[in-house]
Amino acid sequence: MKMKKILALLLAVMLVVSFAACKTDSNEEPEGTEKPMDSMEPAKEWPAIPDGTVLQFWHGMSGPNGEAVDLLIAKFNEENEFGITVEGTYQGGYGDLHTKLVAALQGGDTPHIAQAYANNIMVYMDSEAIVQLDEYIFDSQVGVEDWDDILQGYREENSNYPDGKFYSLPFNKSTEVLYYNETFFNENNLTVPTNWEELKDVSMAASEILGKPAFGYDSLSNLFITWTQQAGGQYTNNNGDVLFDGPESREALQYFIDGVQGGYFRTAGEDRYCSGPFNDGNLVMFIGSTSGSAYVGSDAFEWNAAMVPFGKVEKVIQQGSNMFMLKSNEAEQLATFEFMKFLMAPENTALWAMNSGYLPVRESARELPEYVEFVNSGVNPTKDVGTSYDGAWYIYDPVFKESYSVRQAVETAVEEAATGVKSVDQAITDAAASIR
Amino acid sequence: MKKILALTALILSISLVFTACGREASEPKGTWDPMVPSETGKTAETGMPSLPDLDFEGMDFFEDGYEIVEYKSLSDGDTATFVVGALPTATRFLAVDTPETNSSTSGLQPWALAAKAFTQEKLENAETIILEKDDESDIWDNYDRLLAWVWVDGKLLNYMLVEEGLAYVKYLYGDYKYNPVMISAEAAAQKKDIKIWGEKDPSYDYENKVKEVTLGEAREVARGSNVKLTGVVTARIGSNAFIQDETGAVYIYANRYNYTALNPGIRVELTAKVTEYNGLLELTDIEDKKITAVDEGIEILPMEISLDEVGEDIESRYIRIDGLTVTEVVTSDTEKGYDVHVTDGETKGIIRIDKYLNPYIEPDFFKVGEVIGVIGNIGQYLEQYQIMISGEDDILR
């Protein structure tokens with residue numbers, strides 16, 4: 001009898017211990033993304049990182065962006081106090097990287113850290129080989145310093161998983177800006193538009209001078225997603241439910257289609273990217289990704305970039321992918337987290353932005369003297385604009401596995417409406433139906 | 001007995017703690033099926049795959065999925081021309097990418113020539129080459145090249161290139177037949193840090209100092225060399241252009257940037273990289289995005305030639321040919337640019353209408369059967385030399 005009581009007590013103790021140990025894994029919703037350290041909890045004992053730890057980093061960055069990744073890796077290998085060596089491997093574009101990660105998760109050697117879009121990370125999560133990062137990020141000893149300094153939109157996207165926890169961190173981030181032909185604007189006394197009304201007016205005026213549509217939008221899915229939300233509507237949630245089938249998306253798309261039919265807005269169409277006709281002077285404004293700025297330019301005119309014009313609500317899309325950690329052992333995981341923190345440190349994310357097509361992930365990086373100097377040099381006007389957006393304006397594709405097919409559906413809707421195949425209402429109704 | 005029970009309970013609950021927290025060092029990975037359309041959950045396979053035991057004699061690539069082919073020529077490490085169904089067909093090896101001999105940003109890349117030499121050696125010494133079609137892949141890529149697995153005397157060339165560390169596994173747009181072994185071979189090469197995965201290419205000029213050259217000399221330097229040169233613009237095609245001097249001519253690829261100096265009759269000066277794109281010699285990666293006009297208003301006269309003179313010797317030259325009959329206008333569903341087939345009665349030729357022409361020339365501008373003269377520059381696409389025109393005025397009626 002006595003023995004049974006002891007046994008019961010022992011089990012009860014074990015249960016309590018097990019819950020305590022699992023606390024960081026619980027399903028409690030985080031309060032926003034700003035989570036205070038739990039001072040009541042005893043400090044976790046982290047393992048020592050053995051000297052000579054080697055980490056594999058799989059990424060999809062080539063060309064100048066690949067060189068920028070190599071630069072950061074070399075800096076980390078040189079500077080880190082733990083003797084960690086990161087080996088970076090370019091695994092092809094995002095699609096190939098994804099396929100190889102899937103193959104590795106099915107039985108090959110997985111890397112310690114990799115780059116991916118959040119919807120793909122959802123796929124990898126099913127393998128249970130992904131490390132949930134909250135216990136690292138918010139730990140009092142090893143956690144991320146000045147966490148709220150990371151742009152709000154990025155923090156939101158990387159915790160937009162079913163349990164509201166972090167399974168990734170922002171890595172290569174870009175956004176959209178309004179590219180404009182500054183010479184043309186000056187010569188014709190035009191003012192850079194800041195809202196939809198002005199965009200329409202300026203486009204009409206410029207189109208009259210040009211004799212052809214003056215404004216273009218590169219990514220038609222971004223157009224739909226951004227303008228719907230600028231009109232006060234919603235896109236989807238992270239269950240994949242369609243939330244765009246309402247009046248706001250119709251107002252947004254109608255606004256664009258009126259411009260197409262009125263001869264002052266256009267799509268990239270057969271030119272594929274608006275930078276082609278823009279460089280040739282056949283277009284004087286377009287909304288495109290900051291990461292495409294390398295393709296913009298002509299020595300026939302000066303170009304510049306400005307914030308995208310807004311509708312009722314200030315919203316602008318964040319693009320690019322994130323980094324996530326794969327399970328290894330505790331010491332290697334901690335080493336991996338050290339590398340993740342390094343990549344997000346103000347001076348390093350600024351260095352990344354100065355050498356790649358992407359933007360810093362922290363507010364404070366924008367204030368660093370070397371970054372300010374770089375921006376002021378005017379080498380690339382999109383960097384200045386990209387870092388002027390308020391972090392709260394950033395929207396992102398809600399995270400679920402099939403988010404990309406929803407993107408394709410709304411792109412088709414814009415194309416069909418722009419080419420007159422369908423009415424605005426029909427195109428949106430059909431897009432919504434194709435997803436349900 | 002009870003003690004044993006207690007101990008068992010203890011061990012059990014400890015293991016429960018660890019399992020519940022998911023902190024074990026290694027999780028079982030072999031059984032996971034990601035349920036994405038492009039992957040069917042194959043487990044890792046390794047080693048050189050083998051051809052099925054079939055009689056390939058007389059098989060047709062498109063009908064039967066296999067064909068014994070004849071090797072004609074090589075573009076680079078991952079692209080060759082074979083005779084498929086009696087037609088010379090540019091063929092892109094499926095699922096691999098060798099370093100570029102002609103990258104628009106970096107020109108010649110390390111290991112590109114080694115990859116090309118490897119493929120050349122295999123194909124030239126092959127007794128039997130068999131192309132295999134993959135049911136999960138498109139048959140043609142966006143550049144109208146056939147996509148295939150290439151078997152050289154029973155060995156898969158696509159695999160060998162990866163195994164040697166001379167190619168990346170890339171462009172996996174579907175669940176192709178040999179994806180698992182290709183990915184495994186690549187992982188093994190990466191682990192060994194061989195060639196593209198970490199070795200310095202001994203034949204590559206990593207310093208690459210700028211050399212001042214004539215256009216004729218530019219045609220002879222190693223691909224990837226940085227050169228400074230001058231020439232007169234003979235034609236502009238979209239944002240790109242042809243330039244020429246007494247020694248030769250060359251195409252400038254502007255990568256969408258609009259250089260105003262690239263207009264006919266202007267003598268320009270620039271520093272750029274010499275590359276090759278599907279056979280056409282190009283200047284790319286223009287330094288500081290700067291092309292300077294040093295003189296203008298220079299009269300340029302086309303060299304009068306006949307169709308049978310079209311070839312490498314006069315590539316990029318500004319020429320004129322008269323008395324050509326239009327036989328066919330060949331447009332493509334996937335690409336805006338198109339070919340106009342012509343003949344002078346003996347030799348056949350192609351007039352190329354580039355997709356970037358501005359203003360563009362619609363295909364109905366050409367009428368089959370009409371006799372025309374043409375002014376243009378000699379371009380090349382793989383095995384085919386062509387006359388590239390820059391506008392409607394280049395067609396003489």
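Residues numbered from 1 in each chain as written. Chains lettered and ligands numbered in written order. Predicted model: local features only at pLDDT ≥ 70, side-chain atom pairs only at ≥ 80, totals over all residues.

Considerations on the overall build of chain B
Scanning chain B from terminus to terminus reveals six helices and 22 strands. Counting only residues that meet the buried cut, chain B has 40% of its 397 residues in that class. Contacts spanning at least 24 positions in sequence make up 61% of the contacts within chain B whose residues lie at least 6 apart. (Helix = DSSP H or I, 4+ residues; strand = E, 2+ residues; numbered from the N terminus. Buried ≥ 20, exposed ≤ 12 C-beta atoms within 10 Å, placed from the backbone. Contact = placed C-beta atoms within 7 Å.)

Brief notes about the pairing of strand β4 (residues 169-181) of chain A
Each regular strand shows side chains that alternate between the opposite faces of the sheet. Residues and elements named next belong to chain A. In terms of burial, β4 is largely enclosed, as 13 of its 13 residues are buried. In the sheet, β4 pairs with strand β9 (residues 316-325) via six bridges, with the strands oriented antiparallel. Within β9, the position partnered with Lys173 by the bridge is Gly320. In this structure, β4 lies alongside strand β7 (residues 285-289), joined through five bridges in antiparallel fashion. Along β7, the bridge assignment pairs Tyr180 with Met285. As paired strands, β4 and strand β8 (residues 303-306) are joined by four bridges and run antiparallel to one another. Within β8, the residue paired with Asn181 across the bridge is Trp303. (Pairing = 2+ DSSP bridges.)

Regarding the domain arrangement of chain A
Interfaces are often described in size by the accessible area the parts lose on coming together. Residue and element names in this part refer to chain A. The domains assigned to chain A are domain 1 (54-172 + 321-376) and domain 2 (174-318 + 389-435). Of note, the centres of domain 1 and domain 2, computed from C-alpha atoms alone, are 30 Å apart. Listed as interface residues are 15 residues of domain 1 and, on the opposing side, 18 residues of domain 2. Where the side of domain 1 that touches domain 2 is concerned, the elements lending two or more residues are α4 (118-125) and α6 (152-157). For the side of domain 1 that touches domain 2, the class distribution of residues is eight nonpolar, five polar and two charged. (Domains from an automatic or database assignment. Nonpolar A, V, L, I, M, F, W, Y, C, P; charged D, E, K, R; others polar.)

Details of the domain arrangement of chain B
Residue and element names in this part refer to chain B. Once the domains are mapped, chain B shows domain 1 (61-197), domain 2 (211-295) and domain 3 (311-396). Placing a centre on the C-alpha atoms of domain 2 and another on those of domain 3 gives a separation of 22 Å. On the domain 3 side, the residues contacting the 16 residues of domain 2 number 15 residues. Broken down by secondary-structure element, the contributors of at least two residues to the side of domain 2 that touches domain 3 are β10 (226-237), β11 (240-244), β12 (249-252) and β14 (280-284). Among the elements that line the side of domain 2 that touches domain 3, the one with the most residues is β10, at four residues. Partitioning the side of domain 2 that touches domain 3 into residue classes produces eight nonpolar, seven polar and one charged.

Re helix α16 (residues 403-418) of chain A
Residue and element names in this part refer to chain A. Over its 16 residues, α16 runs 23 Å from end to end, which matches the ideal 22 Å to within 8%, given 1.5 Å per residue. Turning to α16, its buried residues are Ser403, Val406, Arg407, Ala409, Val410, Ala413, Val414, Ala417 and Ala418. Buried positions along α16 lie against α4, α9 (220-230), α10 (247-261), β6 (265-267) and α17 (424-435). Trailing α16 by a residue or two, Gly420 shows a phi angle of about 80°, which is positive. (Expected span 1.5 Å × (residues − 1).)

Description of the pairing of strand β18 (residues 338-343) of chain B
All names here are of chain B. Two strands pair when backbone bridges link them, and strand β17 (residues 318-330) and β18 are joined in this way by five bridges, in the antiparallel orientation. In the strand pairing of β18, Val326 is matched with Val342. The pairing of β18 with strand β19 (residues 348-353) spans six bridges and is classified as antiparallel. Bridging from a neighbouring strand, Thr343 pairs with Lys348 of β19. Where β18 folds back on β19, the antiparallel hairpin that results is connected by four residues, among which Gly345 adopts a positive phi of roughly 105°.

Let's talk about the packing of α10 of chain A against α16 of chain A
Residue and element names in this part refer to chain A. Running from N to C, α10 and α16 cross one another at 35°; their axes reach a closest spacing of 10 Å. The handedness of the crossing between α10 and α16 is right-handed. Where α10 approaches α16, its residues Leu253, Ile257 and Val260 are matched on the opposing element by Val414, Ala417 and Ala418. Partitioning the contact of α10 with α16 into residue classes produces six nonpolar, no polar and no charged. (Axes fitted to C-alpha atoms, helices over the stretch in contact; angles between N-to-C directions. Left-handed = near helix turned anticlockwise from the far one by under 90°.)

Digging into the packing of α10 of chain A against α17 of chain A
Residue and element names in this part refer to chain A. Following both chains from N to C, one finds α10 and α17 inclined at 130°, their axes separated by 9 Å at the closest point. Taken together, the axes of α10 and α17 are oblique relative to one another. When you trace α10 past α17, the crossing you get is right-handed. From α10, Ser249, Arg250, Leu253, Gln254 and Ile257 reach across to α17, where they touch Val424, Asp425 and Ile428. Considering only residue class, the contact of α10 with α17 consists of four nonpolar, two polar and two charged. (Parallel < 35°, antiparallel > 145°, perpendicular 65-115°, else oblique.)

Digging into unusual backbone geometry
Residues and elements named next belong to chain B. Of note in this structure, Trp111 is not a glycine but carries a positive phi near 75°. Along the chain, Trp111 falls in the loop between β4 (96-97) and α3 (112-124). The class of Trp111 is buried, set by 24 C-beta atoms lying within 10 Å. Unusually for a residue other than glycine, Asp193 sits at a positive phi of about 55°. Take Asp193: it is sitting in the loop between α5 (179-192) and β9 (211-212).

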